[in-house]
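Each chain, letter by letter, is given below.
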Amino acid sequence: MPVTASYNIAIIDQHPLVRFAVSRIILDKKSAITVVFDDCHLREKNLPELVKAAPDCLVLDPADYQDGAWLPIIQELLALLPNLDVIFLASQLSVPHTVLALENGVRAIVGKTSCVSDLALAIAAVREGKYWVEGTGVVRNLFMHTKTLRYLHRNTQVHGLTPRELEVTRCIVDGCTNRDIGKQFSISEETVKRHLSN
């Protein structure tokens, strides 16, 4: 995707100081980037206003939403604004949530403790249609997650795991609880325990 002359950004974060700082970072880059929407929380009542602002990019802190409640919001926004680039500005994001975010339309993940230049790099990457994940910790965790999944996949025959047992094992490696796994696969905690004991 070629970089256009102008690029409009919406910022959603519950901390006014963060919104102000992000706006200043964006405006200081001497590019054709404009902040067109700035609010503390994305709610049903201000969603039409956001859509009307027609941002090219949304910078959002997923921690402002409990238990992954950001997912339906992102899905709804991407249905309304299919060319929207989404950047998570997160204080922390687990590997499963990082993978979930990237699988559901998030184009970049930047830590709130990052350098100013990291946000600029993320914006530049998504403007070019690329993905961008900041932080050696996140990248290292994603690498270990992928490495573990490859190992489990290669050794499925050796260990005799069924596909479901493999999925449950992957969730355990990701740090999910039995209750989380049960909810994810619509099975009881007892069934999860049975898969683990096998």
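Here is what the cut-offs are and how they apply
Residues numbered from 1 in each chain as written. Predicted model: local features only at pLDDT ≥ 70, side-chain atom pairs only at ≥ 80, totals over all residues. Heavy atoms only, no water. Buried < 20%, exposed > 50% of the residue type's maximum accessible area, 1.4 Å probe, protein only. Helix = DSSP H or I, 4+ residues; strand = E, 2+ residues; numbered from the N terminus. Pairing = 2+ DSSP bridges. Salt bridge = Lys/Arg side-chain N within 4 Å of Asp/Glu carboxyl O. Phe/Tyr/Trp six-rings, centres within 6.5 Å; stacked < 30°, edge-to-face > 60°. Lys NZ or Arg CZ within 6 Å of the ring centre and 35° of its normal. pLDDT = per-residue confidence, 0-100. Core = buried A, V, L, I, M, F, W, Y, C linked by side-chain atoms within 4.5 Å. Contact = heavy atoms within 4.5 Å. Axes fitted to C-alpha atoms, helices over the stretch in contact; angles between N-to-C directions.

## Side note on the pairing of strand β3 (residues 57-60)
Of the two faces of β3, the one carrying Cys 57 and Val 59 and the one carrying Leu 58 and Leu 60 are both buried. Bridge analysis of strand β1 (residues 7-12) against β3 gives four bridges, and the strand direction is parallel. Paired with Ile 11 across the two strands is Val 59, which belongs to β3. Bridge analysis of β3 against strand β4 (residues 85-90) gives four bridges, and the strand direction is parallel. Following the sheet pairing, Leu 58 is matched in β4 by Val 86.

## A look at the pattern of salt bridges
Oppositely charged side chains may form a pair once their charged atoms are brought near each other. Taken as a whole and judged by the stated rule, the model has three salt bridges. The residue Asp 38 makes a salt bridge to Arg 19 at a minimum N-O spacing of 2.5 Å. With Asp 38 in strand β2 (residues 33-39) and Arg 19 in helix α1 (residues 16-27), this pair connects stretches of sequence that are 19 residues apart. On the accessibility criterion, Asp 38 (40% relative accessible area) is partly exposed. Arg 19 gets classed as buried once you look at its relative accessible area, which sits at 14%. Across the pair Glu 128 and Lys 130 runs a salt bridge, and its minimum N-O distance is 3.1 Å.

## Description of the packing of aromatic side chains
A complete count under the given rule lists one aromatic pair for this structure. Pairing Trp 70 with Phe 88 gives two aromatic rings, centres 5.0 Å apart and planes at 85°, and the pair type is edge-to-face. In this pair, Trp 70 sits in helix α3 (residues 70-80) while Phe 88 sits in strand β4, placing the two residues 18 residues apart along the sequence. The exposure classification of Trp 70 matches that of Phe 88, with both residues buried. Over the face of the ring belonging to Tyr 131 we find Arg 107, whose NZ or CZ atom lies 4.3 Å from the ring centre.

## Quick notes on the confidence of the model for the protein
Taken as a whole, the protein shows an average pLDDT of 77; of its residues, 77% reach a score of 70 or greater. For the protein, the element scoring lowest by mean pLDDT is helix α7 (residues 156-159), at 48; β3 scores highest, at 91.

## A look at the nonpolar core
Of all hydrophobic cores here, the largest spans 21 residues; its most connected members are Leu 42, Leu 58, Leu 77 and Phe 88. Of all the elements in the fold, those that place two or more residues in this core are β1, α2 (47-53), β3, α3, β4 and β5 (106-111). Here this core takes five residues from α3, the largest share from any one element.

## Some remarks on the sheet that holds β3
Spatially, six strands are ordered β2-β1-β3-β4-β5-β6 in an open sheet, and the strand pairing comes out parallel. Two strands in the sheet have a free side with no partner beyond their single neighbour: β2 and β6 (132-133). α3 rests against β3 and β4 of the sheet, and its axis sits at about 155° to β4.

## Looking at the environment of Ile 74
Position of Ile 74 relative to the elements: it lies in helix α3. With a relative accessible area of 0%, Ile 74 lands in the buried category. Taking the C-alpha atoms as reference, Ile 74 lies 9.7 Å from Leu 60; in sequence the two are 14 residues apart. The residues contacting Ile 74, other than those within four sequence positions of it, are Leu 58, Leu 60, Val 86, Phe 88 and Asn 104.

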